[in-house]
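Take a look at the letters that make up each chain.
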Amino acid sequence: MNSFEENAGRIARSMAAVARASANRSPFLLGEVLEPKPTDMSKPLRVRAAGLDLRADALRINESLRGNLTEGDTVAILTDDLQTYYLICKVVSP
């Protein structure tokens, strides 16, 4: 039989785990271009970020990047609601 302190400690640890899992995440993500948007529009833009494959309908892209992304590019993405993702810039190594 567990003591009150042991049970209270187990409950506190469980509550902490739930709080960490539901805590606000950073709105900043790094992504990888899986499919750049070709000029013939045959395939829409697709980016992988935070384990998600983001498609054109969920992405808003910086106008200066249109037609300038290639497969494998690293991009910076912002989101405030985990529904719409703003692809703001391409990220390169120095």
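In case you missed it, the structure is sitting above this.
Since the structure is predicted, the reported quantities are computational estimates derived from the model, not experimental observations.

Cut-off values and rules
- Residues numbered from 1 in each chain as written.
- Predicted model: local features only at pLDDT ≥ 70, side-chain atom pairs only at ≥ 80, totals over all residues.
- Heavy atoms only, no water.
- Helix = DSSP H or I, 4+ residues; strand = E, 2+ residues; numbered from the N terminus.
- Contact = heavy atoms within 4.5 Å.
- Areas by Shrake-Rupley, 256 points an atom, 1.4 Å probe, with all protein chains shown as cover.
- Pairing = 2+ DSSP bridges.
- Core = buried A, V, L, I, M, F, W, Y, C linked by side-chain atoms within 4.5 Å.
- Buried < 20%, exposed > 50% of the residue type's maximum accessible area, 1.4 Å probe, protein only.
- Salt bridge = Lys/Arg side-chain N within 4 Å of Asp/Glu carboxyl O.
- Patch = residues over 30% accessible without salt bridge, like charges linked within 9 Å, V, L, I, M, F, W, Y side chains within 5 Å.

Re the overall build of the chain
Looking only at helices and strands, one finds one helix and six strands in the chain. Along the chain, helices and strands appear, N-terminal first, in the series α-β-β-β-β-β-β. Taking contacts inside the chain between residues at least 6 apart in sequence as the whole, the part at least 24 apart equals 43%. On the chain, roughly 7,000 Å² of surface is accessible, and the fraction owed to carbon and sulfur atoms is 55%.

Considering the pairing of strand E3 (residues 52–55)
Alignment of strand E2 (residues 46–49) against E3, held across four bridges, turns out to be antiparallel. Along E3, the bridge assignment pairs Arg48 with Asp53. Remark: two residues form the turn of the hairpin made by E2 and E3, two consecutive strands paired antiparallel; Ala50 in that turn has positive phi of roughly 55°.

Digging into the nonpolar core
Core analysis: the biggest nonpolar cluster contains 14 residues, and Leu45, Val47, Leu69, Val75, Ile77, Tyr85 and Leu87 have the highest contact counts within it. Here Leu87 is in contact with Leu45, Val47, Arg60, Ile61, Asn62, Leu65, Leu69, Val75, Ala76 and Ile77, once residues within four sequence places are set aside.

Details of the pattern of salt bridges
Counting across every chain of the model gives four salt bridges. Across the pair Glu35 and Arg46 runs a salt bridge, and its minimum N-O distance is 3.1 Å. Taken together, the positions of Glu35 in strand E1 (residues 28–35) and Arg46 in strand E2 put the pair eleven residues apart, joining distant regions of the chain. With a relative accessible area of 21%, Glu35 lands in the partly exposed category. As a salt-bridge pair, Asp53 and Arg48 come within 2.7 Å of each other at their nearest N and O atoms. Asp53 sits in the partly exposed class, given a relative accessible area of 34%. A relative accessible area of 40% means that Arg48 is categorised as partly exposed. Within the structure, one salt-bridge network assembled from shared partners comprises Glu35, Arg46, Arg48 and Asp53.

Overview of a nonpolar patch on the surface
Taken together, the side chains of Phe28, Leu30, Leu78, Tyr86, Ile88 and Val91 present a nonpolar region at the surface, about 500 Å² in accessible area. Only E1 and strand E6 (85–91) provide two or more residues apiece to the nonpolar patch. Element by element, the count of residues in the nonpolar patch is highest for E6, at three residues. As for its placement among the helices and strands, Ile88 is situated in strand E6.

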